[in-house]
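Listed below, chain by chain, are the residues.
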Amino acid sequence: MVALIEDRVRVEVADIFGVGIIGVGEAILEYSYPALRKLEKDGLIRIVSIADRHDIGGTKHNLTLRSGKYPKERKSVDEILTRLVNGEIEHYKTEGDRFNPSSNGVFNSADMFYLATPNNVRLGLVDQIAGAGKNLIVEKPLGHTSGVVNDITDLVRASRIKSICAEHYSYKDPSLSFFSDFDERTKKFGKINFIEGFLIEDDFLEAERYSWLLDPTLSGGGIWLDNGCHMMHLLYSTGARLVEVVRAKSYRYPFSSEDLRDKIVKSETAADVILRLRDDNGRVANDAYGHIRVAKCKPKSLKYFKVCFEKGEVFLDYLNNSISYTDRSGSEPKFEKEMIEKTNPYENMLTRFIDYLKNGKEPPTVMNRIKASTDALFEVYGRMKRGDPREFY
């Protein structure tokens with residue numbers, strides 16, 4: 001009887017995935033850690049380690065400074081600090097884009113890692129994680145050059161670990177609802193003629209991460225790689241594919257010399273792209289086009305994804321959390337608007353990743369899917385930034 005109880009306990013423990021977090025910046029502290037903590041409280045995962053470029057004293061100091069500076073991160077920071085002090089979470093050190101040689105044991109208790117370092121210091125870490133056979137979530141965009149993206153996806157494929165990109169717009173409620181029955185719901189609408197994605201934000205670039213994200217000499221990529229990846233992946237999720245970059249323009253809004261953003265922003269603050277599209281399954285018309293516009297520093301947000309068919313339209317409104325369908329396949333046009341209950345996209349992503357690990361059901365941003373849209377993202381970027389000193393090949 002005792003043996004049976006012990007066996008049952010071992011199975012239950014094995015069902016809880018140990019998670020290692022790499023990088024403790026805004027992406028983790030404001031967005032990912034609260035979602036990870038929710039799953040931890042639900043008994044699905046256990047956060048076992050934090051890795052950072054500092055030693056443990058430096059990490060504690062840096063987190064303490066962030067707690068005072070960024071109110072939205074304070075709860076996560078205070079909780080992580082307490083858990084580090086109590087020894088509930090192990091601390092490991094990174095060096096460049098790899099774990100420091102002193103970080104022995106980093107793979108012992110973790111079944112998966114959440115990688116949220118700047119995207120120019122990831123490849124070596126992915127190599128080590130894949131080599132250890134651990135599953136992986138990588139923050140978006142996957143890398144700062146198309147070559148790095150190729151290397152990361154090759155490592156994941158060769159190691160056969162399970163991995164996704166944390167491209168969270170694919171896990172927002174309108175996206176999940178729309179793509180859950182996309183083919184069936186839109187079949188009567190005919191072929192796709194036009195796709196438009198707008199991700200215009202009133203984010204005024206005051207966060208610390210923009211000092212490296214928008215610096216061409218560091219991570220690079222600017223607004224197009226950071227925000228364009230969302231809309232490009234949604235476009236590819238319809239089955240559409242890039243045939244030709246018709247136009248790719250980037251813009252930088254000027255700031256006064258007294259404005260802090262004048263020192264932070266070293267790349268474009270907006271991008272506007274026109275694409276010619278095709279597909280492999282007959283759902284996209286031969287003369288179909290796509291239009292993607294992304295921007296920050298705007299006075300008002302505008303966030304939507306629209307698909308226009310021969311006989312209908314679908315409009316995903318991310319600000320109002322709704323989907324609208326216009327059906328013109330019958331004798332009279334029909335309009336239907338569906339308000340969707342708001343959930344947390346990071347919790348949605350993590351829950352689906354855990355289901356993927358347990359049951360094999362692929363989430364929307366597995367590597368083989370994200371690779372195609374990311375390749376298109378960089379193809380546009382090459383056209384947009386021709387002559388730019390940033391290394392994007």
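If you're wondering where the values come from, they're calculated on a predicted model, not measured in any experiment. (Residues numbered from 1 in each chain as written. Predicted model: local features only at pLDDT ≥ 70, side-chain atom pairs only at ≥ 80, totals over all residues. Heavy atoms only, no water.)

Nonpolar side chains tend to gather and get buried jointly when the protein is soluble and globular. Ranked by internal contacts, the top residues of the largest apolar core, which has 67 residues, are Trp224, Met232, Leu235, Leu275, Phe305 and Val380. Other than its neighbours up to four places away in sequence, tryptophan 224 contacts Cys229, Met232, Glu268, Ala271, Val273, Ile292, Val294, Leu377, Val380, Tyr381 and Met384. (Core = buried A, V, L, I, M, F, W, Y, C linked by side-chain atoms within 4.5 Å. Buried < 20%, exposed > 50% of the residue type's maximum accessible area, 1.4 Å probe, protein only. Contact = heavy atoms within 4.5 Å.)

Strand order in the open sheet made by the seven strands is S4-S3-S2-S1-S5-S6-S7, with mixed pairing throughout. The outermost strands of the open sheet, each flanked by one partner alone, are strand S4 (98-99) and strand S7 (163-166). Relative to strand S5 (residues 112-115), strand S1 (residues 17-22) runs parallel, the two sharing four bridges. Within S5, the position partnered with glycine 20 by the bridge is phenylalanine 113. Helix H12 (residues 345-359) contacts S1, strand S2 (45-52), S5, strand S6 (135-139) and S7 of the sheet and is inclined by roughly 155° relative to S6. (Pairing = 2+ DSSP bridges. Helix = DSSP H or I, 4+ residues; strand = E, 2+ residues; numbered from the N terminus. Axes fitted to C-alpha atoms, helices over the stretch in contact; angles between N-to-C directions.)

With six of its six residues buried, strand S14 (residues 322-327) lies for the most part within the structure. Where burial is concerned, the two faces of S14 agree: the one with Ser322, Ser324 and Thr326 and the one with Ile323, Tyr325 and Asp327 are both buried. Strand direction decides the pairing type here: strand S13 (residues 312-317) and S14, joined by six bridges, are antiparallel. Residue pairing across strands places valine 314 opposite tyrosine 325, the latter belonging to S14. What sits between the antiparallel neighbours S13 and S14 is a turn of four residues, in which asparagine 321 has the positive phi angle 55°. Direction of pairing for S14 relative to strand S15 (residues 334-339): antiparallel, over a ladder of six bridges. Among the inter-strand pairings, isoleucine 323 is bridged to a residue of S15, identified as glutamate 338. What sits between S14 and S15 in their antiparallel hairpin is a turn of six residues.

What follows is about the environment of phenylalanine 178. As for its placement among the helices and strands, phenylalanine 178 is situated in helix H7 (residues 173-180). By relative accessible area, which is 0% here, phenylalanine 178 ends up buried. Distance in space between the C-alpha atoms of phenylalanine 178 and leucine 316 is 8.0 Å, their sequence separation being 138 residues. Sequence-distant contacts of phenylalanine 178, defined by excluding residues within four places in its chain, comprise Thr186, Val307, Val314, Leu316, Ile323 and Tyr325.

It is worth spelling out the confidence of the model for the chain at this point. Here the chain averages 89 in pLDDT, while 89% of its residues score no lower than 70. Contacts of residues 1-14 to residues separated by more than four positions or lying in other chains number zero contacts, the stretch itself having pLDDT below 50. Confidence drops under pLDDT 50 across residues 389-393; counting only partners more than four residues distant or on other chains, this segment forms 19 contacts. (pLDDT = per-residue confidence, 0-100.)

We now examine unusual backbone geometry. In this structure, the amide linkage connecting lysine 140 to the following residue, proline 141, adopts the cis form with an omega of -20°. With respect to the secondary-structure elements, proline 141 resides in the loop between S6 and helix H6 (146-159). For arginine 160, which is not a glycine, the phi torsion comes out positive at approximately 65°. On the secondary structure map, arginine 160 appears in the loop between H6 and S7.

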